[in-house]
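Working through the structure, step by step
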Amino acid sequence: MKRIIAKTPRTILRHFALKDAAAFFELNADPEVLRYTGDAPFKSVSQAREFIRNYRHYQIYGYGRWSIILSSTKEYMGFCGLNFSVKNHEVDLGFRLPRRFWGQGFATETGFAALREGFSNYGLEKIVGRAMAENKASLHVLEKLGMTFEKEFEEENMRWVQMSLRREDFGVFYE
Ligand SMILES: CC(C)(COP(=O)(O)OP(=O)(O)OC[C@H]1O[C@@H](n2cnc3c(N)ncnc32)[C@H](O)[C@@H]1OP(=O)(O)O)[C@@H](O)C(=O)NCCC(=O)NCCS
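An account of the accompanying structure is given in this report. Bear in mind the structure is a predicted one, so any value in this text is a computation, not a measurement.

**Some thoughts on helix 6 (residues 136–144)**
Looking only at helix 6, the buried set comprises Ser138, Leu139, Val141 and Leu142. The buried residues of helix 6 occupy an angular sector of 155° when the element is viewed end-on, so they sit on one face. Turned more than 90 degrees off the buried face of helix 6, the exposed positions are Lys136 and Ala137. Check the buried side of helix 6 and you find it contacts strand 5 (90–96), helix 5 (106–121), strand 6 (126–132) and strand 8 (158–166). Taken from the residues just after helix 6, Gly146 is the one with a positive phi, measuring 100°.

Structure representation (structure tokens):
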């Protein structure tokens, strides 16, 4: 199975690897990073390693969330990618970066590559993005990627916004 998925001007997107475990643990250990995600931190590096070991998305769907590697230093810088929701039968785009990398356009850069992979290599018709209504940075990234508002919904007492983009509108936005 091909492990390197895409190269962007500054990064490489590749499959999760066991060597990412310590940095993945650290990423999720920052409460500011998890604030709008609804996720709990890993309890230990070995729990992060187990998560990676048990991650089956690539085998089942081809795509998945991918680790982001900074090309210049080979540093791990979080993840970006696609996730099939069994509950909604929809594919969503997600991203999560350590705080030191925020505000430099990395989510937009890697998110674009993930959308391109989804539409061109995996034949997806539509990709959604979900963010808590207060997660303005994330919603702004989804907008910059060409997504438009689809709906608002409530889950576990939180307001969420769902945006989406269809394949036929993907190229148009970037022309
Ligand atoms: C959301 C996240 C991935 C964004 O990553 P990033 O690399 O900083 O995003 P970018 O730099 O590509 O773009 C961020 C945009 O949001 C804007 N922004 C940042 N904070 C904002 C805020 N509070 N309100 C409005 N806009 C905001 C930035 O100015 C930028 O827009 P611009 O390019 O027009 O100036 C990052 O903050 C993160 O990892 N957060 C924690 C995890 C998370 O919440 N993930 C999303 C779950 S749905």
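The discussion continues.
**Side note on the side chain of Thr108**
Summarising the element assignment, Thr108 is placed in helix 5. Accessibility expressed as a relative area gives 17% for Thr108, which makes it buried. What Thr108 contacts, discounting residues up to four positions off in sequence, is Val141, Lys144 and Leu145.

**Overview of the site of the ligand**
Every one of the 20 residues lining the ligand counts as a neighbour, but Gly103, Gly105, Thr108, His140 and Lys144 are closest to it. Within the contact set of the ligand, a nitrogen atom lies 2.8 Å away from a backbone nitrogen or oxygen of Phe95. His140 has a polar side-chain atom sitting 2.8 Å from an oxygen atom of the ligand. For the ligand, the protein covers 69% of the area, taking 970 Å² as the surface of the free molecule. Looking at the shell around the ligand, the elements with two or more residues in it are strand 5, helix 5, strand 6 and helix 6. Among the elements that make up the shell around the ligand, the one with the highest residue count is helix 6 (six residues). Its residues assigned to classes, the shell around the ligand shows nine nonpolar, seven polar and four charged.

Calculation rules
Residues numbered from 1 in each chain as written. Predicted model: local features only at pLDDT ≥ 70, side-chain atom pairs only at ≥ 80, totals over all residues. Heavy atoms only, no water. Buried < 20%, exposed > 50% of the residue type's maximum accessible area, 1.4 Å probe, protein only. Helix = DSSP H or I, 4+ residues; strand = E, 2+ residues; numbered from the N terminus. Arc of directions from axis to C-beta. Contact = heavy atoms within 4.5 Å. Near = heavy atom within 4 Å. Polar contact = N/O pair within 3.5 Å; in protein donor to acceptor, adjacent residues only side chain to side chain. Areas by Shrake-Rupley, 256 points an atom, 1.4 Å probe, with all protein chains shown as cover. Nonpolar A, V, L, I, M, F, W, Y, C, P; charged D, E, K, R; others polar.

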